[in-house]
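Architecture at a glance
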Amino acid sequence: MDDDDEASIATERELGLPMERLPLFLDRFIVSLSFLSLLTTAIARGGDPSQHPLPGVADAGDRILTRQLFEEKEPVITDEMAGGYMSNSELEEAMKKFSKRCANISRMYSIGKSVKGFPLWVMEISDKAGEEEPEPAFKFIGNVHGDEPVGRELLMLLANWLCDNYMKDPLATLIIKNIHLHILPTMNPDGFALRRRGNANNVDLNRNFPDKFFPMNDIMQTRQPETRAIMTWVKEGHFTASASLHGGALVANYPWDGSEWIRKQYNACPDDRTFRYMARVYSNSHYNMSLSKEFEGGITNGALWYPIYGGMQDWNYIHGGCFELTLEISDNKWPPANELPVLWEYNRKSMINLVASVVKTGIHGRVFSKDGHPLPASVMIKGINSMVNASSILGDYHRMLAPGAGKSYQVSVSLPGFQQKTTQILMQDSSASLDFILEPEDSSKIRRIPRILGCRCDGTDKLELVQYLRGIQLEIYIVVSICLFLFILFKRKWFLKLVNQRHIVTPKRSIV
């Protein structure tokens with residue numbers, strides 16, 4: 001890129017990141033002074049420089065924030081190119097037809113609306129769709145970027161394949177009977193209709209989530225409605241794993257997507273081994289992804305490829321306990337529609353095997369109290385600085401782990417008010433089941449401390465005290481009250497008798 005190109009890109013945007021919020025050491029200070037320039041535009045997850053939250057550092061070598069695949073601007077999508085793809089209304093109708101045809105294994109629901117008010121429709125596929133079960137949940141998200149529509153088409157083909165092959169194909173049956181699969185074909189219907197990357201407000205939705213490394217997108221009101229819908233969905237859905245489908249490259253991308261160094265460098269997350277396993281499941285099952293000459297094995301760490309900030313993938317892992325991959329499934333962002341059947345065949349096994357891996361590997365179980373109530377406890381693996389939480393309704397947890405014969409893990413489960421429990425489990429090449437029953441802490445501490453420190457001073461404590469006295473301790477209070485009454489009555493009779501005796505025996509005394 002020549003100097004004129006660099007100068008034109010540098011004037012496209014400003015960061016707007018408060019300087020005082022950056023760490024006060026020299027390297028970050030230098031980086032912050034460089035936030036007004038961006039070197040190139042990546043066509044896959046990298047995006048439009050006007051939407052990139054952290055512009056690059058124009059250094060040499062490994063400090064270039066991009067990849068070799070790039071364009072100066074988004075290509076124009078003509079009517080001829082868009083032909084053969086379902087419109088938003090056609091996609092909505094196709095989803096409704098699917099839900100009706102496969103009503104025994106599916107339901108359709110909306111998680112919110114786009115900027116222009118189009119519903120963000122989701123299909124849930126399970127033998128008990130809509131019901132709470134102690135099973136893992138997996139979600140697919142397509143069309144995050146409006147000009148990458150292959151994912152929305154392939155996800156509809158996946159849904160119909162599962163329906164057509166239920167009780168016929170072993171993997172289709174395994175998924176429907178043991179997993180709750182949620183499919184959001186389009187996260188960005190407005191961008192698709194406008195044939196551009198961003199949504200109706202021209203915001204890149206894969207830069208609109210709160211970030212781990214830099215303070216951005218932290219104010220809920222400033223986020224896009226599509227982003228807010230995803231965040232609420234994840235926090236309520238208790239998803240185990242996820243994948244978003246993109247275009248412009250052919251690779252399975254895993255966390256971290258960014259780094260504190262603002263440069264291309266491998267940045268491993270705590271579950272790096274598990275994420276690499278999941279990425280390999282997809283790549284090795286693909287027709288030719290694993291044969292990539294650009295990415296070894298067809299997989300890549302996001303920060304090593306090129307860092308992005310405000311991405312959906314890292315946010316899912318940090319805030320949802322959801323192991324998400326970013327899947328680039330087509331070198332061409334918007335290929336001709338007649339190539340869709342081939343792309344489906346190239347990706348079909350990968351999509352199916354990735355979903356099935358959720359129940360084929362890892363540790364699964366439930367957490368109960370001593371009296372049998374499910375507990376939303378935290379599940380931790382020694383040596384891995386991350387945790388997953390059991391659901392609050394059924395107490396089920398699903399901890400993704402890379403398989404390995406003879407691999408031993410120390411598993412700990414904890415919840416305030418209960419004693420932590422730890423055990424060792426020897427993993428094989430398949431998944432393992434492990435339930436926990438937690439013992440309460442000292443009952444006297446549990447009962448007394450909340451009464452002293454937890455006063456609400458609104459009168460409800462008195463009601464709780466009355467309700468407490470009406471419990472199993474009521475009999476004790478009755479017995480004590482009767483004994484106290486009899487004791488007082490006996491003492492009164494004894495005292496009167498003693499006074500009468502003193503009147504008879506003892507002479508009267510003067511009171512001075």
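Given the structure is predicted, the values throughout are model-derived calculations rather than measurements. As a convention, each chain's residues are numbered from 1 in the sequence order in which they are written. With pLDDT at 70 or above as the cut-off, local features in this predicted model cover only qualifying residues; side-chain atom pairs require 80 or more to be listed or tallied, and sums for whole chains, interfaces and linings still use all residues. Just so you know, side-chain values use all the structure's heavy atoms and leave hydrogens and water out.

1. Details of the UniProt feature "active site" (unreviewed entry) in the chain
- UniProt positions are given in the numbering used here, feature names are shortened, and annotations may be inferred rather than shown by experiment. UniProt's feature table lists "active site" (unreviewed entry) at E328, given in the numbering used throughout.
- Note on placement: E328 falls in strand 8 (residues 323-330).
- When a residue's accessible area, from a 1.4 Å probe over protein chains only, is under 20% of the maximum for its type it is buried; when over 50% it is exposed; and in between it is partly exposed. Since its relative accessible area comes to 0%, E328 is described here as buried.
- A 3.5 Å cut-off defines polar contacts: any pair of N or O atoms within that distance qualifies, except that in protein one atom must be a possible hydrogen donor and the other a possible acceptor, and neighbouring residues in sequence count only when both atoms are side-chain atoms. There is a polar contact of 3.4 Å between the side chain of E328 and the backbone nitrogen of G247. Only DSSP runs of H or I reaching four residues or more are called helices, and only runs of E reaching two or more are called strands; each is numbered from the N terminus.

2. What about the pairing of strand 3 (residues 137-141)?
- The element strand 3 is extensively covered by neighbouring structure, given that 5 of its 5 residues are classed as buried.
- Pairs of strands are assigned from DSSP output, requiring at least two bridges between the strands. Of the pairings in the sheet, the one linking strand 3 to strand 4 (residues 180-184) comprises 5 bridges and is parallel in character. If you follow F140 over to strand 4, its bridge partner there is I183.
- Sheet analysis places strand 3 next to strand 5 (residues 241-246), joined by 4 bridges and oriented parallel. Its bridge partner being in strand 5, K139 is matched across the sheet by S242.

3. A word on the state of the cysteines
- Counting rule for disulfides: a pair of cysteine sulfur atoms within 2.5 Å. For the structure shown, the criterion picks out 1 disulfide.
- Bridging C102 to C163, the disulfide has an S-S length of 2.0 Å. Judged by the sign of its S-S torsion, about -105°, the cystine formed by C102 and C163 is left-handed. Highlighted residues: C102 in the loop between helix 4 (88-101) and strand 1 (106-113) and C163 in helix 5 (residues 150-165), separated in sequence by 61 residues. No difference in accessibility class separates C102 from C163, as the two residues are buried.

4. Section: the confidence of the model for the chain
- pLDDT measures how confident the predictor is about each residue, on a scale from 0 to 100. The predicted model of the chain has a mean per-residue pLDDT of 81, with 73% of residues at 70 or higher.
- Here, two residues are considered to be in contact whenever any of their heavy atoms come within 4.5 Å of each other. Note on residues 494-512: pLDDT under 50 across the span, and 0 contacts to partners over four residues away in sequence or across chains.

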